2 protein chains.
Amino acid sequence: MHFSINRQNFIKSLNAVSRAISSRTTIPILTNIKIEVSDTQLTLTGSNADISIQTRILDSDTTAELIIKETGGITLPATFFSNIIKRLPADTFELKLEGLRAAITSGASSFTINGQDIQNYPQLPEVEDAESLSVSAAQLTDIISQTIISASTQESRPILTGVHFQLTGDSVKSVTTDSHRLSQRIVTLTGADAQVNADVIVPAKSFKELGAMLEGQDRVVIKLTANQAVFDLGNTTFYSRLLEGNYPETDRLIPTESTTELMINAMTLLGAIDRAALLSHESRNNVVQLTMKDNTAVLSGMSQEIGQVKEALDAKKVEGDDLEISFNPDYVRDALRVFHDKEVELQFTSNLRPFTITPAGETDNKQLQLITPVRTF
Amino acid sequence: MHFSINRQNFIKSLNAVSRAISSRTTIPILTNIKIEVSDTQLTLTGSNADISIQTRILDSDTTAELIIKETGGITLPATFFSNIIKRLPADTFELKLEGLRAAITSGASSFTINGQDIQNYPQLPEVEDAESLSVSAAQLTDIISQTIISASTQESRPILTGVHFQLTGDSVKSVTTDSHRLSQRIVTLTGADAQVNADVIVPAKSFKELGAMLEGQDRVVIKLTANQAVFDLGNTTFYSRLLEGNYPETDRLIPTESTTELMINAMTLLGAIDRAALLSHESRNNVVQLTMKDNTAVLSGMSQEIGQVKEALDAKKVEGDDLEISFNPDYVRDALRVFHDKEVELQFTSNLRPFTITPAGETDNKQLQLITPVRTF
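For every chain, the first residue of the written sequence is number 1, and numbering continues from 1 along that sequence. Each chain gets a letter, beginning with A, and each ligand a number, beginning with 1, in the order they are written. Where totals are concerned, whole chains, interfaces and linings use all residues; where local detail is concerned, this predicted model gives features only for residues with pLDDT of at least 70, and gives and counts side-chain atom pairs only at 80 or more. Think of the side-chain values as coming from all heavy atoms in the structure, minus any hydrogens and water.

The name given to chain A in an unreviewed UniProt entry is Beta sliding clamp, with the source organism recorded as Leuconostoc fallax. UniProt positions are given in the numbering used here, feature names are shortened, and annotations may be inferred rather than shown by experiment. Per its UniProt entry, chain A bears the Sequence similarities (unreviewed entry) comment "Belongs to the beta sliding clamp family." Per UniProt, chain A has the following entry under Subunit (unreviewed entry): "Forms a ring-shaped head-to-tail homodimer around DNA."

Caption draft 1: Summary view of the interface of chain B and chain A. Residue contacts are counted whenever heavy atoms from the two residues lie within 4.5 Å of one another. Contacts between the two partners involve 27 residues from chain B, matched on the other side by 27 residues from chain A. Reported buried area values correspond to the accessible surface (1.4 Å probe) lost by two parts on association, with both partners' losses combined. Across the interface of chain B and chain A, roughly 2,300 Å² is buried in total on both sides, 60% from carbon and sulfur atoms. On the chain B side of the interface with chain A, the three residues burying the most area are B:Phe80, B:Arg275 and B:Leu278, jointly 25% of the side's total. Salt bridges are defined by distance alone: a side-chain nitrogen of Lys or Arg within 4 Å of a carboxyl oxygen of Asp or Glu. Taken together, the links from chain B to chain A amount to 0 salt bridges. Comment: elements are numbered from the N terminus, with helices defined as DSSP H or I runs of at least four residues and strands as E runs of at least two. Elements supplying a minimum of two residues to the side of chain B that touches chain A: α2 (78-87), β9 (109-114), α5 (266-280) and β21 (307-312) of chain B. In terms of residue class, the side of chain B that touches chain A is made up of 12 nonpolar, 8 polar and 7 charged. Should DSSP find at least two bridges between two strands, the strands are taken to pair. Pairing analysis gives 5 bridges linking strand β9 (residues 109-114) of chain A to β21(B), with the strands arranged antiparallel. Across the sheet, A:Ser109 pairs through a bridge with B:Glu311, a residue of β21(B). All residues other than Ala, Val, Leu, Ile, Met, Phe, Trp, Tyr, Cys, Pro, Asp, Glu, Lys and Arg, Gly among them, are scored as polar; the first ten of these are nonpolar and the last four charged.

Caption draft 2: Representation of the pairing of strand β11 (residues 162-168) of chain A within the structure. Residues and elements named next belong to chain A. Burial runs high along β11: 5 of the 7 residues are buried. Of the pairings in the sheet, the one linking β11 to strand β14 (residues 198-203) comprises 6 bridges and is antiparallel in character. Pairing of Leu167 across the sheet is with Ala198, part of β14. Across 5 bridges, β11 lies against strand β12 (residues 171-177) in antiparallel orientation. Residue pairing for β12: Gln166 is matched across the bridge by Lys173. Only protein chains enter the calculation, and the probe is 1.4 Å; a residue is then buried if its accessible area is under 20% of its type maximum, exposed if over 50%, and partly exposed in between.

Caption draft 3: Molecular detail of the packing of helix α1 (residues 7-18) of chain B against α2(B). Residues and elements named next belong to chain B. Note on geometry: axes are C-alpha line fits, over the in-contact stretch for helices, and angles between N-to-C directions span 0 to 180 degrees. For the pair α1 and α2, the least separation of the axes is 10 Å and the interaxial angle reads 155°. If you check the angle between α1 and α2, you find them roughly antiparallel. Seen from above, α1 lies across α2 with left-handed handedness. Counting all contacts with α1, which are made through Arg7, Phe10, Ile11, Leu14 and Asn15, the residues of α2 involved are Phe81, Ser82, Ile85, Lys86 and Arg87. Roughly parallel covers angles under 35 degrees, roughly antiparallel covers those over 145, roughly perpendicular covers 65 to 115, and oblique covers all other angles. We call a crossing left-handed when the near helix sits turned anticlockwise from the far one by less than a right angle, and right-handed when that turn is clockwise.

Caption draft 4: Structural view of empty space enclosed by the protein. All names here are of chain B. Of the grid points, spaced at 1 Å and generated over the protein atoms alone, those admitting a 1.4 Å probe that cannot get out make up cavities, while open sets with protein on both sides within 12 Å along at least five of seven lines make up pockets; any residue with an atom within 4 Å of a point is treated as lining. Grid points are joined across faces, edges and corners, and a volume is the space filled by probe spheres set on the points. Under the criterion given, the structure shown has 2 cavities of 30 Å³ or more. Put simply, the largest cavity is a space of about 40 Å³. In this structure, the largest cavity is lined by Thr260, Met292, Lys293, Asp294, Asn295, Val318, Glu319, Gly320, Asp321 and Asp322. Looking at the lining of the largest cavity, the elements that each hand over two or more residues are β19 (288-293) and β22 (317-320). The greatest single-element share of the lining of the largest cavity, amounting to 3 residues, is contributed by β22. Estimates place the volume of the second largest cavity at around 30 Å³. For the lining of the second largest cavity, the secondary-structure elements that each account for two or more residues are α6 (329-337) and β26 (367-371). Of the residues belonging to the lining of the second largest cavity, the class tally is 5 nonpolar, 2 polar and 2 charged. Boundaries of every domain are those given by an automatic assignment or by a domain database. Viewed by domain, the lining of the second largest cavity spans two of them, domain 2 (131-241) and domain 3 (254-371), each represented by three or more residues.

Caption draft 5: Geometry of the UniProt feature "domain: DNA polymerase III beta sliding clamp central" (unreviewed entry) in chain A. Listed under "domain: DNA polymerase III beta sliding clamp central" (unreviewed entry) in the UniProt record, and renumbered for this structure, are residues 135-249 of chain A. Overall, residues 135-249 of chain A shows 18% helix and 42% strand. The separation of its end C-alpha atoms is 26 Å.

Caption draft 6: How the structure looks around the sheet that holds strand β19 (residues 288-293) of chain A. Here 9 strands make up an open sheet; going across it, the order is β23(A)-β19(A)-β20(A)-β21(A)-β9(B)-β8(B)-β7(B)-β1(B)-β5(B) and the pairing antiparallel. Single-partner strands in this sheet number two, and they are β23 (323-327) of chain A together with β5 (67-70) of chain B. Taken pair by pair, the neighbouring strands of this sheet meet at an average axis angle of 15°, ignoring direction. In this sheet, strand β8 (residues 101-106) of chain B lies alongside strand β7 (residues 92-98) of chain B in antiparallel orientation, the contact comprising 5 bridges. Looking across to β8(B), one finds that B:Leu95 is bridged to B:Ile104. Seen against the sheet, α1(B) touches β1 (2-6) and β7 of chain B and runs at an angle of roughly 95° to β1(B).

Caption draft 7: Layout of the domain arrangement of chain A. One can read the domain layout of chain A as domain 1 (2-120), domain 2 (131-241) and domain 3 (254-371). Distance from the C-alpha centre of domain 1 of chain A to the C-alpha centre of domain 3 of chain A: 50 Å.

Caption draft 8: Focus on the UniProt feature "domain: DNA polymerase III beta sliding clamp C-terminal" (unreviewed entry) in chain A. In this structure's numbering, the residues bearing the UniProt feature "domain: DNA polymerase III beta sliding clamp C-terminal" (unreviewed entry) are residues 252-370 of chain A. Taken end to end, residues 252-370 of chain A is 20% helix and 42% strand, and its first and last C-alpha atoms sit 12 Å apart.

Caption draft 9: Expanded view of the packing of aromatic side chains. Whether two aromatic rings pair depends on their centres lying within 6.5 Å, for rings of Phe, Tyr and Trp, where Trp uses its six-membered ring; planes under 30 degrees apart make the pair stacked, over 60 edge-to-face, and the rest tilted. Considering all chains together, one arrives at 18 aromatic pairs over all chains under this definition. An aromatic cluster is built from A:Phe3, A:Phe10, A:Phe81 and A:Phe93, whose rings are joined through pairwise contacts.

Caption draft 10: View of the environment of B:Glu319. All names here are of chain B. Checked against the element boundaries, Glu319 lands in strand β22. Distance in space between the C-alpha atoms of Glu319 and Glu261 is 5.1 Å, their sequence separation being 58 residues. Apart from residues lying up to four places away in sequence, Glu319 is in contact with Thr259, Thr260, Glu261 and Asn295.

Caption draft 11: Broad picture of the pattern of salt bridges. Inspection of the entire model under this criterion finds 28 salt bridges over all chains. Linking A:Arg19 and A:Glu209 is a salt bridge whose minimum nitrogen-to-oxygen distance equals 3.1 Å. Here A:Arg19 is found in the loop between α1 (7-18) and β2 (32-37), whereas its partner A:Glu209 is found in helix α4 (residues 204-213), with 190 residues between them in sequence. In this structure, B:Asp330 and B:Arg333 form a salt bridge, with 3.1 Å as the shortest nitrogen-oxygen distance. Taken as a pair, B:Asp330 and B:Arg333 lie in helix α6 at a separation of 3 residues, close to a single helical turn. What makes B:Arg333 buried here is its relative accessible area of 16%. Salt bridges linked by common partners bring A:Asp178, A:Arg181, A:Asp334 and A:Arg337 together as one network.

Caption draft 12: Spatial organisation of the sheet that holds strand β10 (residues 131-136) of chain B. Residue and element names in this part refer to chain B. Taken in spatial order, the 8 strands line up as β6-β2-β3-β4-β17-β16-β15-β10 in an open sheet, and their pairing is antiparallel. Each edge of the open sheet is held by one strand with a lone partner, namely β6 (72-77) and β10. The sheet shows a mean angle of 20° between the axes of neighbouring strands, taken without regard to direction. Direction of pairing for strand β16 (residues 228-233) relative to strand β17 (residues 236-241): antiparallel, over a ladder of 6 bridges. The residue of β17 that forms the bridge with Phe231 is Phe238. Where helix α3 (residues 137-147) meets the sheet, it contacts β10, β15 (219-224) and β16, and its direction lies at approximately 90° from that of β10.

Right, dumping it as structure tokens:
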């Protein structure tokens, strides 16, 4: 293998692939990055076994200034290789293999790094025959950001660390729950080129990394197999393993009626919760109280040691039965951030039953956050 | 105590004082901030026993919007108080004492926080009678930034964690050494209003915090007592305890002649050392080699496991005897950063003796970095 390339252009690809590489892997060769050169392109691959990312630089892309002198491949220590490339002195660099050693030269600087044979690097899954569907990157970003917040981060019930992702014709339903809260987003796909029915569980960690790569993308081609989801972003392909098992039935958890309603701007409520959380975070049980009475709503928090806070909420509407309810402010904060600066409706039935947060005026539960209160008496 | 004040203006003062406050203090009340209100001003004080910072907000300062309704004082948990003030909803806030509880209101939000009596807060040292000297803040910044790098961070020889700060008439000599390297900066003070002779050891940590507060300042009044240095920055006063003991004699450590010289741009050499350090950091002894031969200089680094790097330096001049010398790249990086984008001269006598870095063409050692090489054979 022997090539030269524009350094800044190469660094962009290197950064994309590096998202999949972890130094805390149990498979030593996965701390390496795989570099391959064919007659027409350079391919970089990174993987942590759960997620793999592969990106291609074509010799037809003139900004990359890729000149291929000899085909071949190697794997090199990823962090180290990346640090070297970022600190090289010239605008381009050259990489030439001498056995399993890579000689990297740029300006007056020349590095020699020990690599490992690409034969030892795991193969990426084959997905050629999978059903595929093109979706809008903006819609996929929306689905991801509104649901990954309620996925569990604990491995005690692995299935709950995933996002339940259901495709029915041109509609996607995405649900997560960690058993304390639930997020649901249903979207009718725009411009979908195929009708696909599928029911998979994508690790929330994979969706989080994928979400960060979607910025600036137009459309994404999704391919689903029995145990892999593949997302095609032009010259970059994102692979995620799927979680095995049955996701719990969640529809029955969503209340169908309410007896108390609060309508408020999401950011206004978020600010008040941020302040109340300053005190609740100092107390043992980390809860804040919301009291709705006589068409006013008051949020309060306290810590025995430090003090207390009370705030009358600037609500658009407080209706229904009087209610005093306690909840984990961190869960409600995560849920509210999803709505940005929109008006939201909080619907309650009792201080023991889950309450929901939805966009004001929408009753179809297509965009829903559900939170279980904390019993404090 | 009862006052109201502009929140953003108060936050600036709070941030200044917070520099002195640490949550890891052995004196519990020092995790608090002291707030006092007299007829004409509000005073904030923070301290970690070594450093104390006091700042005043005058009621004559209209941007502060300070309205004093009742004099008094309290100490409140610093981090917590600071977080509350930063998250309050309105442009101003009001603070009113009820015994040892502070009621803070802003917009619809009201906090009550438990405080402690100011009687339990340590007194600041008295420095009224001390000799004082006004110096340029820019010159003080220069002295601090060029010398704190070589102060020791280890408590095994406490005296070496200080900066040896000597005033002789209108000249300041500042020296640090951790026994592996040495920094020296000698400055003739501009616009000094007095002639002061003093010889003190200021903790490098104090100088580091002070340095960060000097930006935007014009002049600083220094007052020195037997065990305190006080720096007056207008409405803010910075107190540092002094280190006790005799600083080692350092003049004799500075070589008076050289047999090999290298002249190079500081940033050019820094870039090459950054690259060589990528490899040296992966090896056990963290050294890089500089080889000067036939009027060329080559920098190299290696790690048995990962590989090696070699780079011909783009030097302005390489003169004198051939020499191969090894050093800790981190020490040389710290030293080079001080010179920004200037030409520097490195002067060597042998690969066992300390070498110096000075601005090219200057022979007075007023701005000097000295580094002891590492023996590798």
